[in-house]
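Given next are the chains, with one letter for each unit.
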Amino acid sequence: MRVDTWRLYPIFALAVLAGGSVWLERITRIDDPVTIAEQTGPDFIAHDTRVVGFSALGARRYELVAERLEHFPASDITRLHQPRLQLHGEEGTTTITARAADVSPGGEQVDLAGEVRVRRPGQAGALPLALDSETLTVWPDAQRARTDSPVLMTRGTARASARGMRADNLFGTLELIGEVSTTMPPRRQGSPS
């Protein structure tokens with residue numbers, strides 16, 4: 001049996017076409033993985049927000065209010081504009097305000113920046129507390145705060161300034177750090193007889 005070679009031309013043509021396609025695909029392939037452009041802007045924006053945190057027993061522990069909230073998916077950071085954080089504790093309510101704040105993923109850490117003001121009104125046996133700084137990091141659940149920026153603290157008429165500060169138990173225990181300067185009011189002497 002004899003096969004005419006002209007009948008094999010379509011098979012040869014298909015083989016050459018398939019081989020050419022494989023060769024063309026290999027020389028035009030990009031070996032670098034395709035990179036997806038990372039989103040740099042916020043994926044979520046909210047105005048006039050309010051977040052309330054509760055203890056395991058249902059007591060209100062903190063309230064966070066902001067004019068504007070932006071969430072950035074690349075870092076999972078939430079940025080707050082004009083935040084006001086109220087921390088509720090045994091010694092009363094401490095209010096912290098700033099121009100801006102970044103909240104870490106999960107909300108464990110709040111980094112406040114720009115005209116940070118801490119205020120706690122006086123109560124029976126405790127004088128009002130005011131603390132001013134440019135930055136402050138607060139861990140609401142751990143009830144701690146810290147700054148490496150200069151601070152000015154007033155309690156009643158007493159004043160103290162330092163290069164930084166650490167606080168535990170939501171400003172129950174304060175440690176002023178570096179170049180501390182204090183002004184204490186004179187002690188009252190017993191009344192004259």
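About the criteria used
- In this convention, every chain numbers its residues from 1, walking through the sequence in written order.
- Under the rules for a predicted model, residues below a pLDDT of 70 receive no local features and side-chain atom pairs below 80 are neither given nor counted, while totals for whole chains, interfaces and linings still include all residues.
- Computation of side-chain values covers all heavy atoms of the structure but excludes hydrogens and water.
- Only DSSP runs of H or I reaching four residues or more are called helices, and only runs of E reaching two or more are called strands; each is numbered from the N terminus.
- When a residue's accessible area, from a 1.4 Å probe over protein chains only, is under 20% of the maximum for its type it is buried; when over 50% it is exposed; and in between it is partly exposed.
- A contact between two residues is defined here by any heavy atoms of the two lying within 4.5 Å.
- Shrake-Rupley sampling with a 1.4 Å probe provides the accessible areas, and residues are treated as covered by the protein chains on show and by no other component.
- To qualify as a nonpolar core, a set must consist of buried Ala, Val, Leu, Ile, Met, Phe, Trp, Tyr and Cys residues joined through side-chain atoms within 4.5 Å.
- Note on pairing: two strands pair once DSSP finds at least 2 bridges between them.
- Each aromatic pair joins two rings of Phe, Tyr and Trp (for Trp, the six-membered one) with centres within 6.5 Å, and gets the label stacked for planes under 30 degrees apart, edge-to-face for over 60, and tilted for any other angle.
- By definition, being over a ring means that NZ of Lys or CZ of Arg is both within 6 Å of the ring centre and within 35 degrees of the ring normal.
- Any carboxyl oxygen of Asp or Glu that lies within 4 Å of a side-chain nitrogen of Lys or Arg is treated as forming a salt bridge with it.
- Think of a polar contact as two N or O atoms within 3.5 Å of one another; within protein, one of them needs to be a possible hydrogen donor and the other a possible acceptor, and neighboring residues in sequence only count if both atoms come from side chains.
- A cavity, in this analysis, means grid points on a 1 Å lattice covering only the protein atoms where a 1.4 Å probe fits yet has no way out; a pocket is instead an open set bounded by protein on both sides within 12 Å along at least five of seven lines, and a residue lines either one if it has an atom within 4 Å of a point.
- Grid points are joined across faces, edges and corners, and a volume is the space filled by probe spheres set on the points.

(A) Structural view of the overall build of the chain. On a plain count of helices and strands, the chain comes out with one helix and 14 strands. Every one of the 193 residues in the chain was classed for burial, and the buried ones make up 27%. Within the chain, contacts between residues separated by at least 24 positions form 33% of all contacts whose residues are at least 6 apart in sequence. When the accessible surface of the chain is totalled, it reaches about 13400 Å², and 55% of it is carbon and sulfur.

(B) The arrangement of the nonpolar core in detail. With 26 residues, the main nonpolar core has Leu-80, Leu-85, Ile-96, Leu-112, Leu-136 and Val-138 as its most contacted residues. Listing elements by their share of this core, those giving two or more residues are strand 2 (60-72), strand 4 (84-89), strand 6 (100-103), strand 7 (110-120), strand 8 (129-139), strand 10 (151-155) and strand 12 (164-168). Leave out the neighbours within four places in its chain, and Leu-112 touches Pro-83, Ile-96, Ala-98, Ala-100, Ala-101, Glu-134, Thr-135, Leu-136 and Val-138.

(C) Highlighting the pairing of strand 4. Pairing geometry for strand 2 and strand 4, over four bridges, is antiparallel. Counterpart to Val-65 in the pairing with strand 4 is Arg-84. Here strand 4 hands over to strand 5 (residues 92-97) after two residues, the two strands then running antiparallel side by side.

(D) Spotlight on the packing of aromatic side chains. In total, this model carries zero aromatic pairs according to the counting rule given. The ring of Trp-139 has Arg-144 sitting right over it, with the charged end atom 4.4 Å from the ring centre.

(E) Broad picture of the pattern of salt bridges. Within the structure shown, the criterion is met by 10 salt bridges. The salt bridge partner of Glu-70 is Arg-68, with a shortest N-O separation of 2.7 Å. You can call Arg-68 partly exposed: its relative accessible area is 27%. A salt bridge links Arg-79 to Asp-102; its shortest N-O distance comes to 2.8 Å. Taken together, the residues span a long stretch of sequence, with Arg-79 in strand 3 (residues 77-81) and Asp-102 in strand 6 at a distance of 23 residues. We classify Arg-79 as partly exposed; its relative accessible area is 31%. If you follow the salt bridges from partner to partner, you end up with Arg-50, Arg-60 and Glu-63 in one network.

(F) Fine view of the environment of Thr-173. Tracing the backbone through its elements, the reader meets Thr-173 in strand 13 (residues 173-177). Each C-alpha atom of the pair Thr-173 and Arg-144 lies 9.5 Å from the other, and the pair is 29 residues apart in sequence. Those residues in contact with Thr-173 that lie beyond four places of it in its chain are Arg-166, Ala-167 and Asp-168.

(G) Seen up close, the side chain of Thr-94. Relative to the elements of secondary structure, Thr-94 occurs in strand 5. Under the relative-accessibility criterion, Thr-94 is labelled buried at 2%. Only 3.2 Å separates the side chain of Thr-94 from the side chain of Arg-120, close enough to count as a polar contact.

(H) Geometry of the layout of surface pockets. Taken as a whole, the largest pocket spans an internal volume of roughly 210 Å³. If you list the elements that add at least two residues to the lining of the largest pocket, you get strand 2 and strand 3. In terms of residues, the lining of the largest pocket owes the most to one element, strand 2, which gives three residues.

(I) Broad picture of the environment of Ile-177. Its location among the elements puts Ile-177 in strand 13. Each C-alpha atom, one on Ile-177 and one on Ser-149, is 9.9 Å from the other, the two residues being 28 residues apart in sequence. Sequence-distant contacts of Ile-177, that is, excluding residues within four places in its chain, are made with Ala-162, Arg-163, Gly-164, Met-165 and Arg-166.

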